[in-house]
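Each chain, written out:
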Amino acid sequence: MVNEPRGNGGPNPRSEGIGSSKGISGCSSPGLDPKRHERLREKMKRRMESGDKWFSLEFFPPRNTQGAGSLISEFDQMGAGGPLFIDVTWRPTGDPGSDKETSSMTIASTAVHYCGLETMLHMTCCCQSQEEITGHLRKAKQLGLKNILALRGDPLGDHWEEEEGGFHYAVDLVKHIRKEFGDYFDICVAGYPAGHPDAESFAADLKYLKEKVLAGADFIITQLFFEADTFFRFLKACSEIGITCPILPGIFPIQLVKLSKLEVPQRIKDVIEPIKGDDEAICNYGIELAVGLCRELLASGLVPGLHFYTLNRRMATTEVLKRLGMWAEGPRRPLPWAVSAHPKRWEESVRPIFWASRPKSYIYRTQEWDEFPSGRWGSSSSPAFGELKDYHLFYLRSKAPRGQLLKMWGEELTSEESVFDVFVHYLSGEPNQNGCRVTCLPWNDEPLAAETSLMKEELLRANRRGILTINSQPNVNGKPSSDPVVGWGPSGGYVFQKAYLEFFTSRKTVEALLQVLKKYESRVTYHIVDVKGENITNAPELQPNAVTWGIFPGREIIQPTVVDPVSFMFWKDEAFTLWAEQWGKLYDEESPSRMIIQDIHDNYFLINLVDNEFPLDNCLWQVVEDTFELLNRPTSQ
């Protein structure tokens, strides 16, 4: 089925001929990172055999939508440190298996699909029948989740109440998963270094733990503890009864004094008591305590990795990992864009550049695709994008609250130039007139990419004059793949880029730009479109233009980023809508600020420019200069 690009206006004559079906040519070369295809237990085994240590992180679902947006941001930031996996707890009172933004299922699938994190979903027996649990597991599989932490779960009241037709013990849940789903899921179970509080004895609890492993569990994560010797005794006892799977110690950097349900050593209580009213002091002490505990565990040579109970608080856990030297500062990217961990997308190796700053939006809009481009992006008149909708979804809207956005983008706008200033402050990093730093824009919800620094002065100069840039990249001619700014992909390779510039600007500037572009017709490819779909382009036969590629030992050339003319027409709907949905709606409907944003939405053009001569100096800045020179030229009398 072929879909024409959407838009209220008809196609420009130079854009006719769109109608071929989606074509994605395959590539016989292996994926850029074969490790992405490994199961979690295989990743653990490989890391253990190499002697490499790892860490994992636990999060719990938030109670409201705003919290969900903040948590996804935490995933992105914590994911930068290189966890082997994260896990998401199962909150029985929060409709955990639903499609709600705050459900355990949604949060876990978002971590996989949109944040590219290996993710484990908790599953408990509490208040669920076998049929309900089976339904949740089927949904988890459908969503691309491959790892389950099987737990009995805590009772909702003071005592455990058996669910009719349900499971009463975690071992029954493990058996059920293996019976219904075979070897699809990697299964983790919980271990208790001091014994489960409900167990008859420590020995009885160990016997029960072994039953869980024999039933099909692949590894164990322990409840938290405060003394390394507690873990070592537990490890020895497990070994003595034949438990040989990996056992990860659960680490909790104390951040609050709410430890009443835990067996806290007296020496720790003695330190906490005098400072219990000082959260900062408690946090600092918790960090020191955790660092010491982790160092003792790692030095033993008995611990393959560390599992951190984060309580959704980034600072303490990050600080502990940095002091241990386990935080991966600035990891080399497998591709120039954020990679999804969903199994369906494992072969995906190319995307249109327009979504570089909004990868979650692109993944959301392509989640129903049956196949993904691998090797190169073919001629695609209809990439099967979904309709532009669901802006209420937390991964499509800004994670910043309205009040903060107003401080950044202007509580009151007085002219187009005040909009220009917002872009300038975003690029410069300097506080605006409210004393607030502009850390995001509707089209860029994350900090600036490192390579932006290579063009900072040129970008500032352009934005001050109304070239409102939302995406750009410098030209690169054979930089090593290990380059800290522009590098990506496996070691020993070289990467290349064509200079790219994408921006909004006024009709008057576009008229001058089109005259200037005549001088660069053989060198610069351009697409110019307004909100109604008026499209002006010199792209040859609407073919995609590779703007990023890499050459690596023993592999075919990879071209992970393209300018695709047809996709650009789908992107422009989103790009223009962001003006009205994210920025305009911050203001009252009849306010001057709202009218300024709406006028830009209605009358500006979205433009992308590609300088195809990547070995030469970037000519796009000269194009901009020539445009404004023409605009400022006195008119003849």
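Residues numbered from 1 in each chain as written. Predicted model: local features only at pLDDT ≥ 70, side-chain atom pairs only at ≥ 80, totals over all residues. Heavy atoms only, no water.

- The name an unreviewed UniProt entry gives the chain is Methylenetetrahydrofolate reductase, with Molossus molossus as the organism.
- If you open the UniProt record of the chain and go to Function (unreviewed entry), you find "Catalyzes the conversion of 5,10-methylenetetrahydrofolate to 5-methyltetrahydrofolate, a cosubstrate for homocysteine remethylation to methionine. Represents a key regulatory connection between the folate and methionine cycles." (UniProt positions renumbered as here; feature names shortened; annotations may be inferred.)

## Details of the pairing of strand E12 (residues 494-497)
Consideration 1: Summarising the sheet, strand E11 (residues 476-480) and E12 pair through four bridges and their orientation is antiparallel. Each bridged residue has a counterpart across the sheet, and for Lys 479 the counterpart in E12 is Val 495.
Consideration 2: In the sheet, E12 pairs with strand E16 (residues 545-551) via four bridges, with the strands oriented antiparallel. Following the sheet pairing, Tyr 494 is matched in E16 by Ile 551. (Pairing = 2+ DSSP bridges. Helix = DSSP H or I, 4+ residues; strand = E, 2+ residues; numbered from the N terminus.)

## A word on helix H13 (residues 416-428)
Consideration 1: The end-to-end C-alpha distance of H13 is 19 Å, a good match for the 18 Å that 13 residues give at a rise of 1.5 Å each.
Consideration 2: Of all 13 residues in H13, ten are buried; the element is thus mostly enclosed.
Consideration 3: For H13, the set of buried residues is Ser 418, Val 419, Phe 420, Val 422, Phe 423, Val 424, His 425, Tyr 426, Leu 427 and Ser 428.
Consideration 4: Check the buried side of H13 and you find it contacts helix H12 (402-409), helix H14 (456-464), strand E10 (468-473), helix H16 (565-583) and helix H17 (592-603). (Expected span 1.5 Å × (residues − 1). Buried < 20%, exposed > 50% of the residue type's maximum accessible area, 1.4 Å probe, protein only. Contact = heavy atoms within 4.5 Å.)

## Here's the deal with unusual backbone geometry
Consideration 1: Its identity as a non-glycine residue notwithstanding, Leu 311 has a phi of 55°, on the positive side.
Consideration 2: Inspection of the secondary structure puts Leu 311 in the loop between strand E8 (305-309) and helix H10 (314-324).
Consideration 3: The phi torsion at Asn 312 lies on the positive side, around 60°, for a residue other than glycine.
Consideration 4: Within the secondary structure layout, Asn 312 lies in the loop between E8 and H10.
Consideration 5: Judged by relative accessible area, Asn 312 falls into the buried class, the value being 18%.

## A short note on the nonpolar core
Consideration 1: Residues Phe 75, Leu 121, Ile 251, Leu 297, Leu 306 and Phe 308 are the most contacted members of the largest nonpolar core, which totals 72 residues.
Consideration 2: When near neighbours in sequence (up to four residues on either side) are disregarded, Leu 121 contacts Val 88, Trp 90, Ser 104, Met 105, Ala 108, Ala 140, Leu 145, Asn 147, Ile 148 and Leu 149. (Core = buried A, V, L, I, M, F, W, Y, C linked by side-chain atoms within 4.5 Å.)

## Things to note about the environment of Tyr 208
Consideration 1: Within the secondary structure layout, Tyr 208 lies in helix H6 (residues 202-215).
Consideration 2: Given the relative accessible area of 22%, Tyr 208 is considered partly exposed.
Consideration 3: In this structure the C-alpha to C-alpha distance between Tyr 208 and Tyr 169, which are 39 residues apart in sequence, comes to 9.7 Å.
Consideration 4: Not counting the four nearest positions on each side in its chain, Tyr 208 is found in contact with Tyr 169, Ala 170 and Val 171.

## Things to note about the sheet that holds E16
Consideration 1: Taking strand neighbours across the sheet as the criterion, the five strands line up as E9-E17-E16-E12-E11 in an open arrangement whose pairing is mixed. One side of each edge strand has no neighbouring strand; the edge strands of this open sheet are strand E9 (351-352) and E11.
Consideration 2: Of the pairings in the sheet, the one linking E16 to strand E17 (residues 558-563) comprises four bridges and is antiparallel in character. Within the sheet, the bridge partner assigned to Thr 548 lies in E17 and is Thr 561.

## Thoughts on the packing of aromatic side chains
Consideration 1: For the structure on display, the rule yields 28 aromatic pairs.
Consideration 2: Between the aromatic rings of Tyr 169 and Tyr 208, the centroid separation amounts to 6.0 Å while the plane-to-plane angle is 70°, which identifies the pairing as edge-to-face. With a gap of 39 residues between them, Tyr 169 in the loop between strand E4 (147-151) and helix H5 (170-181) and Tyr 208 in helix H6 connect regions that are remote in the sequence.
Consideration 3: Relative to Trp 571, the ring of Trp 355 has its centre 5.5 Å away and its plane inclined at 70°; by these criteria the two rings are edge-to-face. One end of the pair, Trp 355, is in the loop between E9 and helix H11 (359-365); the other, Trp 571, is in helix H16, and 216 residues separate them in sequence. Accessibility assignment for this pair places Trp 355 and Trp 571 in one class, buried.
Consideration 4: What links up through ring pairs into an aromatic cluster is the set Phe 354, Trp 355, Tyr 362, Trp 369, Phe 372, Trp 377, Phe 568 and Trp 571.
Consideration 5: Its guanidinium or amino end placed over the ring of Tyr 184, Lys 141 lies 4.9 Å from that ring's centre, counting from NZ or CZ. (Phe/Tyr/Trp six-rings, centres within 6.5 Å; stacked < 30°, edge-to-face > 60°. Lys NZ or Arg CZ within 6 Å of the ring centre and 35° of its normal.)

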